[in-house]
Amino acid sequence: MDLHANLVCIEFILQVPANLSKPKKKWHSIFTAIYCSRTFSSLVIKSPTPRLITKPSPHSLSHVSLSVIPEKSPCQIDQTTLIELVKHKNIERLQKHDGVDGVASALGTDTKVGISGNAEDIACRHEAYGSNTYKKPPTKGFFHFVVEAFKDLTIMILLGCAALSLGFGIKEHGPKEGWYDGGSIFVAVFLVIAVSAISNYRQNRQFDKLSKVSDNIQIDVVRGGRRQQISIFDIVVGDIVCLKIGDQVPADGLFLDGHSLSVDESSMTGESDHVEVNRTQNPFLFSGTKVADGYARMLVTSVGMNTTWGQMMSQISRDTNEQTPLQTRLNKLTSSIGKVGLAVAFLVLVVLLVRYFTGNTTDENGNQEFIRGKTKADDIVNAVVGIVAAAVTIVVVAIPEGLPLAVTLTLAYSMKRMMADQAMVRKLSACETMGSATTICTDKTGTLTLNQMKVTKFWLGQEPMEEGASSISPFLVDLIHQGVALNTTGSVYRNSSGTEFEFSGSPTEKAILSWAVQEMKMDMEKMKKSCAVLQVEAFNSQKKRSGVLMGKNDDDTVHVHWKGAAEMILAMCSSYYDASGIVKDLNDKERMKFELIIQGMAASSLRCIAFAHKQVSEEEYEVLKEKKKLKEERLTLLGLVGIKDPCRPGVKKAVEDCQYAGVNIKMITGDNVFTARAIATECGILRSSEEMLNDVVVEGEEFRNYTPQERMEKVEKIRVMARSSPFDKLLMVQCLKQKGHVVAVTGDGTNDAPALKEADIGLSMGIQGTEVAKESSDIVILDDNFASVATVLRWGRCVYTNIQKFIQFQLTVNVAALCINFVAAVSAGEVPLTAVQLLWVNLIMDTLGALALATERPAEELMEKPPVGRTEPLITNIMWRNLLAQALYQIVVLLTLQFSGESIFGVTEKVNDTLIFNTFVLCQVFNEFNARKLEKKNVFKGIHKNKLFMGIIAITIVLQVVMVEFLKRFADTERLDWGQWGACIAIAAMAWPIGWAVKFIPVPEEPIFSYLKWRK
């Protein structure tokens, strides 16, 4: 064993302070010597034990070497032994270590109270066995994204043109003057690359942060006798972990105690069959596997990189290149526009080359540029390079590479904001798909309600009991104590000094335990010591009940106790106890009375739980033992409890908001039909006029038994499904999807995984949700609140709308730039906007425009429109109307300036080209405001809240002033006077009244361009 680990442990045992001075260290050495000699002398009188090893020193007989290993040291077994023990499922080797208890003892763990959990103990275990974290592959650095940006074909062509332009420019004009053209293109290209690389790098970093949050699972452990929740990363070797259905096993370990535990090891072995884990034949548990059934406590033996799961996960890097459906559609759109741009650029290239070689172009001095046989080869190449650069630049402007960037930015921004709004996105596509959701199927407990349960009613026989245990027969009280204390996955902790009780487990378990301890005066520890659990049937959402077979230690009698949904338990009973403890027959008349009591509680929004009991004869016990079953018939009803779980504040408004937005809300619950109806009415899912309609509220079994045709006919009318199983939820999702709905589903249990996967958007619960449910979902609702589901819907619509705003803005620029350059090239033989100027326009519209429009927050009007269908076109008729009006205005104005600007303003050709460039950029700035609202006439509403938008507009204007006034050589511009700036601003400002006026023009609902329906 590692010497350093031994020293750490000995110092921990003897509680040596780390910062001792030299004199104090001497005193401590004397104390150690006395301590060891006393131990030795006491062992001379008593018989020696294996924990003391004495051996004479080879140097002298008068020297004795002592090795004192305390019983509770966490270092009596080395890491390699522990790894081998579990990894190879070696039962024989485990027996050599005195079984699971022997390993626990060697790790210094008390199997009842766990480890002490103080800071020194944890530090010692970390030192000896490591932490529960694993090395991750190095994240992609900034340089990786720079290289990726360089791989873009248009960027490579532009760089080639820039290099040629730079070479010929220096050759012709010398290094001092000749670098401007080529250098300008280089700078512009590098700016585009830098912006692209930075945005992708930041998105990657955000994914890493999100993955850290999603990996930080809370685990139930027992430390110092107290059950508590800690982070999975804080688990240490020797910890006792409590496992239940749906949990992920957080580390490698051994089964301590529990019942009916079966584990899904498919993540490790690939085998889909569940593996039964028990104390005798297979006590081995592996990190990363999932609990499929039952519950247990496990002893942690290996953590982090010492587990197979840790080694496996350290090799896997999270893929952040996921393409969302919207990105796929945009790629098709980009490709189509790019093809148009290529065609225009090719035509411009051909026209300019023809004009140049036919001698129809002149230089700055008015001389013919090309004269056959006289023009130098260098000049020809230089001219051709300039023409190619102009054509390539047209392609750069035509291809809207800002679209993928806008999607990335808006998704990254919305993911960050949704995290603050209690929703963690696991799959990017869910962000945008949620905007199209037409139906939300929601759970009741914890989502629509607070999940703060309390027992408010208790019926014994057919009488409500108000005074707790004092008025009930002691025999009955004892049976209730047994039924609660032994048939539970929860626990009760009470500090030795304190009077307050701490309850852990599911909210239902905590409510029942709290009632039993405080109202019925139950002593859980005493009850557990007086009885032995023989067999358990764990609760699951299919059966909605749990049972336990137990033996009493004082008289060796065997009893069965059941607890679960009231009508399920009532169906298993043939008799009942009245308040005085007398057993009475449960005939049809009495059964009807109990059903009315249950319905009365349910109508008051109470969850009704029943307890039943039966003593089992020895012969019966032997049969049950062989069949591994519990007695399920002819039981005696013990009592009924009503648990109140109040509706969440604000849930009614959230439901109304969703319904107003055209989204149907369906409640799917395991509760009975009366409780479900009462809660649905309270939350606003059911209106009072719909309460008694048959098709609106159904039970899971009834829905299951419909014919496929009946299901398809009735599924849209159903508002509430009660007593449903996870299979019924899956069936409903499948039916709704076949009807063309985009379905979002909430779920928290392991059995909800199929429905969460089947749905278009799976929403799991962050607090009550099992790890299996979370892994099957697309978004985790961190506070389990339905209001957060409504927020996710709002954000989903916001993502989609922000993308549409940017498409409208960018296509306006594309159409205008293509038309102006094409017309000017064909008619005048020159391009008014140079390569550098077009790259600058490209930069402001692609990057700054995307940043400004992609970060708009959800507006209230988003929830006033119906959902966007699956096949709705990305570019709507409204968008075509807006963008064509603006593009047409820009084309007319800029072509007028191109052909008549010199005479109108009385300026030179160079100043006129600057006016065209300046007006074109300012038109985009003003049009950016128009793009904020696609339909509303007031484009300034809420603008003061979006400081980023205003900041980007200000930055764009400042940079444009710098380009025109100070970067004359770089941008190929001339300085403008105040009057010329005023004219440019006045022309550009006309975009606002035009944008306002054009919104009065009605548009047909049917898409004009059916060929633009790019489907997912």
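Before reading on, note that the structure itself is shown above.
Residues numbered from 1 in each chain as written. Predicted model: local features only at pLDDT ≥ 70, side-chain atom pairs only at ≥ 80, totals over all residues. Heavy atoms only, no water.

Before going further, it helps to examine unusual backbone geometry. Located in the positive-phi region is Asp556, a residue other than glycine, with phi close to 60°. Locating Asp556 in the fold gives a position in the loop between β17 (545-552) and β18 (558-565). You will see that Arg723, though not glycine, has its phi angle at about 45°, which is positive. Mapping Arg723 onto the fold places it in the loop between β25 (720-722) and α26 (726-738). Classification of Arg723 by relative accessible area gives buried; the value is 13%. (Helix = DSSP H or I, 4+ residues; strand = E, 2+ residues; numbered from the N terminus. Buried < 20%, exposed > 50% of the residue type's maximum accessible area, 1.4 Å probe, protein only.)

With that settled, the discussion passes to the environment of Leu843. Among the structural elements, Leu843 can be located in helix α30 (residues 835-854). Between the C-alpha atom of Leu843 and that of Val192, which follows or precedes it by 651 residues, the distance is 6.2 Å. Contacts of Leu843, omitting those with residues within four sequence positions, involve Leu191, Val192, Val195 and Leu848. (Contact = heavy atoms within 4.5 Å.)

This next bit is on the environment of Cys124. Relative to the elements of secondary structure, Cys124 occurs in helix α6 (residues 119-129). Sequence-wise, Cys124 and Val236 are 112 residues apart; in three dimensions their C-alpha atoms are separated by 9.8 Å.

As a further point, take the nonpolar core. Of all hydrophobic cores here, the largest spans 153 residues; its most connected members are Ile779, Phe786 and Ile807. With 20 residues, the single largest contributor to this core is helix α29 (residues 786-828). Each residue touching Ile807, except ones within four places of it in the same chain, is listed here: Leu330, Leu333, Leu403, Leu874, Ile875 and Met879. Counting 40 residues, the second-largest nonpolar core is a separate cluster that includes Val100, Ala106, Leu299 and Val303. (Core = buried A, V, L, I, M, F, W, Y, C linked by side-chain atoms within 4.5 Å.)

Throughout the structure, instances matching the rule amount to 19 aromatic pairs. With a centroid separation of 6.2 Å and an interplanar angle of 70°, the aromatic rings of Tyr413 and Trp795 are classed as edge-to-face. Placement of the pair is Tyr413 in helix α14 (residues 402-420) and Trp795 in helix α29, with a sequence separation of 382 residues. Among the residues examined, Tyr413 registers a relative accessible area of 18% and is labelled buried. Summarising the aromatic geometry, the rings of Phe929 and Trp992 are spaced 5.3 Å apart at their centres and angled 80° between planes, so their arrangement reads as edge-to-face. Note that Phe929 is positioned in helix α32 (residues 909-930) and Trp992 in helix α36 (residues 991-998), a separation of 63 residues in sequence. A relative accessible area of 9% places Phe929 in the buried class. Cluster of aromatic residues (ring-pair linked, three or more members): Phe926, Phe929, Phe940, Phe949 and Trp992. (Phe/Tyr/Trp six-rings, centres within 6.5 Å; stacked < 30°, edge-to-face > 60°.)

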